[in-house]
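Close look at the chain arrangement
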Amino acid sequence: MAVLVVNAGSTSLKLSLVDGEDTRQVDSFDVDADAVAHRVVHGGDRFREPVVIDDGVVAELEQLVELAPLHNAPALQGIAEARAALPGVPHVAVFDTAFHATLPAVAWTIAVPDYLGVRRYGFHGLAVQSVAEQVRADRLVVCHLGGGSSVTAVLEGRSVETSMGFTPLEGVPMTTRSGSVDPGAVLYLARRLGDDEVGRVLEQESGLLALSGFSGDVRELEADSRGAFALELFAYRVAQQVASCAVALGGLEALAFSGGIGEHSARVRDLVVSRLEHLRPFDVHVVAAREDVVAAREALRIL
C-alpha cells in the first residue's frame, strides 16, 4: 500500500510517497495514495499511539499547539490541506512523542508539584526509532542533530532517556533554539521582556545563531572562524548528553549520528567523539533517519 507521508516541520513541508521501503519525494498532495500519515511532534498525554484523524482528533490536537507551537501548528495546517485534497482515504496522525512512552518514571518526572501537569515527553521519536532499527546494539545513543537536536538513550530498542522534555526547547543548543536554560534566568527574562517576547527569543534568536552572532547554519559556521566557539560549545553540550545517556544505559556500545548536522558535519562528529574517549570502546555510526518509512509503517499498523 502506498502511503503519503506529510512531514510539516518548523521550517518546511516535506511530502513523500512510501511503498514498503521505497520512498520518493513529491511536490503536492495530488498523488495516488491508499492512506496519509501525518507526523505530529507533540502528542501530549492523550496520544501515545497512532490515531485515525477525525474532527474530534483535530480538536484535541489544537489543544496541544501551545506545547510545540513551531511544530504542531504547521502539522495541523498540513492535516487540513491534505484532508481537503484527499478526502477519500484514511488520514493517520503519528507522534514523535510516542517512541518515548517507554521512558521510566525517573526520566520523565519533573520535580514540581503534580497538580501543574507537566512532565518530560521527548521528541524526534520517529527518527530515533528508524536509527535504532538500523543499528543493532543493546546500549545505543542516538544523536539526532539538525535544525532541532536531541540525544536519546535506547536500551534494547526502547527509549529510556532523552534530552528534550516537556517541549522541544529543552536539551542541547540548536540552530536558533536555546536548549536548556536555568529556570531562574527564564523568569528573569520573562519579567524583563514579557512572556511572549522571551518565548520568541528562546525559540528563534538563540542557540548557534546567538553563540556565533551571525548564523545558526553549521555549514556557515564551519567556513568562518567566528563560528568555532559555537561549534565547540554545541559539541560539548551534545557530549554531556551522551554521557548522561550512558548512565541511563549502564554503558555505551554504539553512538549513532543522524539528521542534517549529524550526517553531514564530520567536524561536529569529531568534536563530540573526542570528548567521549573515557567511555571507549564504542562503535560510531552515521545513519540516515528514514522517519517517513517508520511513519508510513506505523500508520498502516492501525488501519
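Structure's up top.
Residues numbered from 1 in each chain as written. Predicted model: local features only at pLDDT ≥ 70, side-chain atom pairs only at ≥ 80, totals over all residues. Heavy atoms only, no water.

Remarks on a nonpolar patch on the surface
On the surface, V52, I302 and L303 cluster together to form a nonpolar patch covering roughly 220 Å² of accessible area. When you line up the elements, I302 lands in helix α12 (residues 291–302). (Patch = residues over 30% accessible without salt bridge, like charges linked within 9 Å, V, L, I, M, F, W, Y side chains within 5 Å. Areas by Shrake-Rupley, 256 points an atom, 1.4 Å probe, with all protein chains shown as cover. Salt bridge = Lys/Arg side-chain N within 4 Å of Asp/Glu carboxyl O. Helix = DSSP H or I, 4+ residues; strand = E, 2+ residues; numbered from the N terminus.)

What about the sheet that holds strand β7 (residues 139–144)?
Within a sheet, each strand pairs with its neighbour through backbone hydrogen bonds, oriented either parallel or antiparallel. Strand order across the open sheet formed by 5 strands is β9-β8-β7-β10-β11, with mixed pairing between neighbours. Whereas interior strands pair on both sides, the edge strands pair on one side only; in this sheet they are β9 (158–162) and β11 (283–286). Strand-to-strand, the axes of this sheet are offset by a mean angle of 25 degrees, without reference to chain direction. With 5 bridges joining them, β7 and strand β10 (residues 254–258) adopt parallel strand pairing. Bridge assignment links V141 to a residue of β10, and that residue is L255. (Pairing = 2+ DSSP bridges. Axes fitted to C-alpha atoms, helices over the stretch in contact; angles between N-to-C directions.)

Looking at helix α6 (residues 195–204)
Think of an α-helix as turning once every 3.6 residues; residues three or four places apart then point the same way. What α6 keeps buried is the set V198, L202 and E203. Buried residues of α6, seen end-on, are gathered within an arc of 125 degrees and therefore sit on one face of the element. Those residues of α6 that are buried are in contact with α2 (69–85) and α5 (183–193). (Buried < 20%, exposed > 50% of the residue type's maximum accessible area, 1.4 Å probe, protein only. Arc of directions from axis to C-beta. Contact = heavy atoms within 4.5 Å.)

Focus: a negative patch on the surface
A surface patch of like charges, here negative, comprises D19, D22, D32 and D34. Mapping D32 onto the fold places it in the loop between β3 (22–26) and β4 (35–40). With a relative accessible area of 68%, D32 lands in the exposed category. (Lys, Arg positive; Asp, Glu negative; His and termini not counted. Charge placed at Lys NZ, Arg CZ, Asp CG, Glu CD.)

Re the pattern of salt bridges
Under the definition given, this model contains 17 salt bridges. For R120, the salt bridge identified is with E161, shortest N-O distance 3.2 Å. A residue pair is termed long-range when its members are at least 10 positions apart, and R120 in the loop between α3 (105–108) and α4 (125–134) and E161 in strand β9 qualify at 41 residues. For R120, a relative accessible area of 10% gives the class buried. When salt bridges that share partners are traced, they join E49, E298 and R301 into one network.

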